[in-house]
Amino acid sequence: TSIQREFSLIKVRAVDRNARDEVIQMANIFRANIIDVGRETLTVAIFGDKEKTAALTGLLARAGVSRVTRAGSMSAAFPGEAHDGEYPLRRYVRVVDVEL
């Protein structure tokens, strides 16, 4: 058994203060993080199940998403589960770029 999680980076166009506040509020509701702030854009990072990332992406699409980058699905083993002692990121991540 494992837990499936997805990591996404969402770049949102937010040119005025109201748009920025709206994006920040949505990110906070989904416990996402603002990881980059530009003059006209915000980059939101979210880590969770597919439904959570899809829901936030859908809401932010109305605010003006300019790019979505998904790192793909990652599975986390439970403590004590047998493994080979290595944790190379390539085994758990599939990089996908989706441009809207």
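Residues numbered from 1 in each chain as written. Predicted model: local features only at pLDDT ≥ 70, side-chain atom pairs only at ≥ 80, totals over all residues. Heavy atoms only, no water.

Draft legend 1. Representation of the pairing of strand E2 (residues 33-37) within the structure. Pairing analysis gives four bridges linking E2 to strand E3 (residues 41-48), with the strands arranged antiparallel. Its bridge partner lying in E3, Asn33 is registered against Ala45. The antiparallel hairpin formed by E2 and E3 contains three residues in its connecting segment. (Pairing = 2+ DSSP bridges. Helix = DSSP H or I, 4+ residues; strand = E, 2+ residues; numbered from the N terminus.)

Draft legend 2. Region of interest: the pattern of salt bridges. Per the counting criterion, the structure on display carries two salt bridges. As a salt-bridge pair, Arg13 and Glu40 come within 3.0 Å of each other at their nearest N and O atoms. Of the two residues, Arg13 sits in strand E1 (residues 2-13) while Glu40 sits in the loop between E2 and E3, which places them 27 residues apart along the sequence. Here Asp21 makes a salt bridge to Arg17, at a shortest N to O gap of 4.0 Å. With Asp21 and Arg17 both in helix H1 (residues 17-29), this residue pair falls four residues apart, about one helical turn. Asp21 gets classed as partly exposed once you look at its relative accessible area, which sits at 39%. (Salt bridge = Lys/Arg side-chain N within 4 Å of Asp/Glu carboxyl O. Buried < 20%, exposed > 50% of the residue type's maximum accessible area, 1.4 Å probe, protein only.)

Draft legend 3. Examining H1 more closely. Taking 1.5 Å per residue, 13 residues should reach 18 Å; H1 reaches 18 Å between its end C-alpha atoms and fits that length. Buried residues of H1: Arg20, Val23, Met26 and Ala27, and no others. On an axial view of H1, the arc spanned by its buried residues comes to 130°, and they lie on one face. Along H1, exposed side chains directed more than 90 degrees from the buried face belong to Arg17, Asn18, Gln25, Asn28 and Ile29. Positive backbone phi, at 55°, marks Arg31, one or two positions downstream of H1. (Expected span 1.5 Å × (residues − 1). Arc of directions from axis to C-beta.)

Spatial relationships are all this shows, so hold off on functional conclusions.
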